[in-house]
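Tertiary structure, described
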Amino acid sequence: MTINKRAARSVKNNISFYIISILLTALTSVLIVGAVSTGRNLTKVVKKFVDEYKAEDAEFVTYNPISDEDMASLEKEYDVILEYSSYKDISVDSGDLKGATVRVFGMTEKLNLCEVRDGHEPGIGEALITQNFAEKHDISVGDKISLGSYDYTVSAYTTKADYIYMLEKPTGYIDNEKFGLIVVDRDEYEKIDVAETGYYSIKYNKDNSKDVRKKLNEDYVMASYTAATTNTRISMPVNEGTAVTNMATMYAPVLFIIIITLIVMILGRNIKNEQYLLGTFLALGFSRKQIVGHYMRYGLIPGLIGSVLGILCGIPTTKLLSKFYIEYDFEKLTYKVTYDIPAIIIALVVPALLYCIAIAIQAAKLLKKSPVDLLRNTGKDRRTIGVMKNSHAKTQLKMRVRSVIGHPGRSIVTVFGVAVASFCILGGLIVHDSLDDLMTNGLTSSIKYEYLYRLNSLETGTPDEGEALFQNYYEVDGSTVQLSAQGIVENSKYFPNKTDSGDKMELDKYYLTSAAAETFGVKVGEEITFNNITDLKEHKVKISGIVTDNTHCYLYTGRSNATELAGVDEDVYNCIISKDRLELDLVASETEMTVSADTMENLMGPMKVIVIAFEILGMIMGVFVLYLIINMIVSESSTNISVMKVLGFSRKEISNRVLNVNHVLVCLGFILGFPIAYLFVKVGYADTIENYGMLLSPVVKVKSIVIGFVLTWVTYELSLLLQKRKISRIDMVEALKQNSRNE
């Protein structure tokens with residue numbers, strides 16, 4: 001049929017448009033399938049592991065010990081699982097593991113079990129070892145390891161249910177070179193003559209945690225309580241899948257809609273410019289249904305081919321992303337990659353469907369006209385005629401202004417496309433600046449001590465060494481991040497004495513760190529409500545100021561206020577802080593507050609790789625999008641180009657009048673893309689305090705703005721260069737014939 005031959009010729013004449021449309025559609029499909037499937041994968045893999053190996057719901061410490069008989073009674077009365085857990089840290093000062101801290105656990109029976117891989121459970125003189133630490137030190141199953149006075153043969157690799165995210169401290173950063181776990185049997189564990197850290201693990205079989213916690217606090221006086229949702233070693237992997245899925249469902253559809261909208265707008269304009277053909281088809285006896293079906297093919301080609309290509313590429317992308325998250329961020333887990341079927345269906349159906357619907361609507365709208373009006377092209381846009389009609393400006397300037405102002409739809413599409421390109425380029429640069437600033441200036445902390453010793457009993461008065469501190473933890477509704485109240489002594493030398501605004505801190509008032517204020521959404525003058533983690537009593541205090549600190553979620557106040565919130569005597573303290581390391585008795589835990597440059601570099605390594613990939617993706621997308629737009633401009637200007645060829649204009653002169661007219665639109669698109677990119681990064685950093693124990697903020701350097709603009713402009717110029725060849729290929733006779741048909 002004639003109409004089918006016309007379709008084949010149209011695709012052939014606009015082959016570059018269809019290739020770019022297919023590639024952009026494929027890219028959006030990859031994002032949908034790869035990102036969503038990866039998020040679902042992470043959630044499924046981690047949930048299966050924590051369920052199978054019985055990860056705790058919480059861990060806690062009490063001032064009064066709980067006997068085995070009492071634990072059995074509590075388990076029966078409240079339908080919970082309780083187990084006493086402990087570990088011993090060995091600082092290795094010689095051999096292949098020199099400088100590393102190895103945390104030794106005994107085999108557990110009820111909670112926080114170990115997966116055993118490539119070997120068997122440990123016997124006499126044997127140990128399980130975490131695989132990431134082992135690989136970092138070239139340790140294989142069957143090798144012997146020396147921990148100073150203690151030697152073991154590695155019987156297998158392991159991952160412990162409460163150490164999926166391998167942190168030495170409750171918050172901080174993974175350092176597989178300097179910290180790892182081994183698990184030995186109970187007899188071997190008892191032989192280790194090193195200070196022990198003990199705590200209780202609990203798992204609830206029904207929703208009664210409040211009742212259990214009240215009972216534990218009444219009978220045994222709870223010193224600390226850490227729910228799994230606030231324990232980064234468990235919560236980070238558990239939440240990572242949800243975070244990736246949320247990011248995917250938030251940003252991938254946005255990019256999906258942006259690209260599809262762009263292609264739909266261009267397809268719609270192409271049909272509008274060919275409305276004389278619709279009149280011809282009607283005159284030849286084709287029905288309106290046949291004509292609409294004919295034009296819908298133009299949307300089906302990039303939609304269907306691009307979607308299938310994107311899904312095929314999305315499969316290896318999902319495998320790669322899953323491997324990156326699971327094998328780099330987490331301890332080794334046994335998993336099988338699965339794919340999100342709804343995401344695949346959406347990626348396969350939606351692009352082609354939207355393209356076809358948009359084209360059908362545009363064609364149906366034009367077909368409401370009579371064949372005579374379509375053949376005469378009575379709806380032709382003549383807004384450019386009056387622009388600068390009486391101006392004495394140069395012809396080249398008039399053409400540029402008319403091209404921009406006289407075609408508002410085309411100009412909007414151009415600004416939109418440049419904004420997309422600059423958004424991708426600037427997003428990577430902003431993240432890069434933020435990480436560089438963090439590596440250069442370090443984390444901003446308001447504390448001035450290096451060591452914090454948490455005592456295993458409440459003490460009164462003043463310590464012989466160091467400075468007294470009363471510290472207690474609280475829960476805030478709607479957040480998994482705990483708020484830590486710091487009861488400061490008068491004239492402390494380890495805490496700030498002024499707020500960000502320069503006001504002197506008064507210890508009878510309450511102040512938040514900037515990380516806490518941002519995390520909980522509280523401003524100066526507002527009240528914050530929180531609950532004691534032990535007795536669940538609700539408290540509400542007014543915030544008098546903010547202190548810059550992107551590392552800690554602290555509530556600063558005097559010791560008398562802090563002890564009153566906790567319901568203990570006024571002169572009590574439970575921590576000792578110091579600039580220097582101390583040798584103290586009755587210490588439950590020791591925390592070193594500084595973070596080494598090597599550890600920070602280890603944390604930021606994979607993030608930098610992602611940033612570089614994001615920048616390259618931005619450049620590629622920018623070239624595709626701008627090429628698509630400039631291709632549209634050249635196609636719509638073919639008649640003017642032919643006339644200029646007849647008049648003897650050179651290719652350079654034609655380019656200056658047709659292609660180089662959108663410089664101002666490039667600037668507008670860049671200005672629009674910058675705040676969008678900044679907001680994108682800011683939203684992406686929102687959960688860093690929860691997952692990494694620090695609050696990252698977007699940092700933008702002038703250099704990066706300049707580089708971003710230059711890269712956007714280079715992308716634009718590259719697209720122009722690719723299109724200049726098309727000017728030479730435009731057939732003057734055919735273009736002028738087409739114009740005569742349009743008149």
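The preceding data block contains the structure.
These figures come from a predicted structure and were not determined experimentally. (Residues numbered from 1 in each chain as written. Predicted model: local features only at pLDDT ≥ 70, side-chain atom pairs only at ≥ 80, totals over all residues. Heavy atoms only, no water.)

Okay, a negative patch on the surface next. On the surface, a cluster of negative charge is made up of E564, D569, E570 and D571. Positionally, E570 belongs in the loop between α15 (559–566) and β18 (572–578). What makes E570 exposed here is its relative accessible area of 56%. (Patch = residues over 30% accessible without salt bridge, like charges linked within 9 Å, V, L, I, M, F, W, Y side chains within 5 Å. Areas by Shrake-Rupley, 256 points an atom, 1.4 Å probe, with all protein chains shown as cover. Salt bridge = Lys/Arg side-chain N within 4 Å of Asp/Glu carboxyl O. Lys, Arg positive; Asp, Glu negative; His and termini not counted. Charge placed at Lys NZ, Arg CZ, Asp CG, Glu CD. Helix = DSSP H or I, 4+ residues; strand = E, 2+ residues; numbered from the N terminus. Buried < 20%, exposed > 50% of the residue type's maximum accessible area, 1.4 Å probe, protein only.)

Quick look at the pattern of salt bridges now. Applying the stated criterion across every chain, the model contains 14 salt bridges. In this structure, D340 engages R40 in a salt bridge whose closest nitrogen and oxygen atoms are separated by 3.3 Å. Placement of the pair is D340 in the loop between α9 (288–329) and α10 (341–366) and R40 in helix α2 (residues 15–52), with a sequence separation of 300 residues. Classification of D340 as buried rests on a relative accessible area of 13%. Judged by its relative accessible area of 42%, R40 is partly exposed. Two residues, E188 and K191, come together in a salt bridge whose shortest N-O distance is 3.4 Å. Placement of the pair is E188 and K191 together in helix α5 (residues 186–191), with a separation of three residues, close to one helical turn. What makes K191 exposed here is its relative accessible area of 53%.

Summed over the entire model, instances satisfying the criterion amount to 14 aromatic pairs. Aromatic side chains F670 and F709 sit 5.2 Å apart centroid to centroid with 85 degrees between the ring planes, which places their arrangement in the edge-to-face category. One end of the pair, F670, is in helix α19 (residues 663–684); the other, F709, is in helix α21 (residues 702–729), with 39 residues separating them in the sequence. Owing to a relative accessible area of 8%, F670 belongs among the buried residues under this scheme. Residue class for F709 comes out partly exposed when judged on its relative accessible area of 29%. (Phe/Tyr/Trp six-rings, centres within 6.5 Å; stacked < 30°, edge-to-face > 60°.)

Formed by 49 residues in total, the largest nonpolar core has its most connected members in L24, I263, L278, I291, Y295, L367 and L628. Mapped by element, the contributors of at least two residues to this core are α2, α7 (232–273), α8 (275–283), α9, α10, α13 (408–441), α16 (597–636) and α19. With ten residues, the top contributor of residues to this core is α13. Those residues in contact with I291 that lie beyond four places of it in its chain are L278, F281, L282, F286 and L367. Membership of the second largest hydrophobic core comes to 24 residues, among which are F520, I528, L555 and L565. (Core = buried A, V, L, I, M, F, W, Y, C linked by side-chain atoms within 4.5 Å. Contact = heavy atoms within 4.5 Å.)

Okay, the packing of helix α3 (residues 68–78) against helix α6 (residues 209–220) next. Where α3 meets α6, the axes come as close as 12 Å, and the angle between the chain directions of the two elements is 150 degrees. The orientation of α3 with respect to α6, classified from their angle, is roughly antiparallel. The hand of the α3/α6 crossing is right-handed. The residues of α6 that touch α3, namely those facing D70, L74 and Y78, are D211, V212, K215, L216 and Y220. Across the contact of α3 with α6, the residue classes break down as five nonpolar, no polar and three charged. (Axes fitted to C-alpha atoms, helices over the stretch in contact; angles between N-to-C directions. Parallel < 35°, antiparallel > 145°, perpendicular 65-115°, else oblique. Left-handed = near helix turned anticlockwise from the far one by under 90°. Nonpolar A, V, L, I, M, F, W, Y, C, P; charged D, E, K, R; others polar.)

Attention shifts here to unusual backbone geometry. Here the phi dihedral of N112 falls at roughly 50 degrees; this positive angle occurs in a residue that is not glycine. Looking at where N112 falls in the secondary structure, it is placed in the loop between β3 (101–106) and β4 (114–117). One non-glycine residue, N491, lies in the positive phi region at around 60 degrees. By the secondary structure assignment, N491 is in the loop between β13 (483–488) and β14 (510–513). Given the relative accessible area of 76%, N491 is considered exposed.

Looking at where L27 falls in the secondary structure, it is placed in helix α2. For the pair formed by L27 and I259, sequence separation is 232 residues and the distance between their alpha carbons is 9.4 Å. Those residues in contact with L27 that lie beyond four places of it in its chain are L617 and M621.

This part takes up the packing of α8 against α9. Where α8 meets α9, the closest approach of the two axes is 10 Å, and the angle between their N-to-C directions is 140 degrees. Our classification of the angle between α8 and α9 gives oblique. You can see that α8 and α9 cross each other, and the crossing is right-handed. Contact residues: L277, L278, F281 and L282 in α8; R288, I291, H294 and Y295 in α9.

So, on to the side chain of E126. Here E126 shows up in strand β5 (residues 126–130). Nearest to the buried, unbridged E126 among oppositely charged side chains is K144, at 8.5 Å. Polar side-chain contacts of E126 include one of 2.9 Å to the backbone nitrogen of G123. Contact partners of E126, with chain neighbours within four places excluded, come to H120, E121, Y152, T153, S155 and V184. (Polar contact = N/O pair within 3.5 Å; in protein donor to acceptor, adjacent residues only side chain to side chain.)

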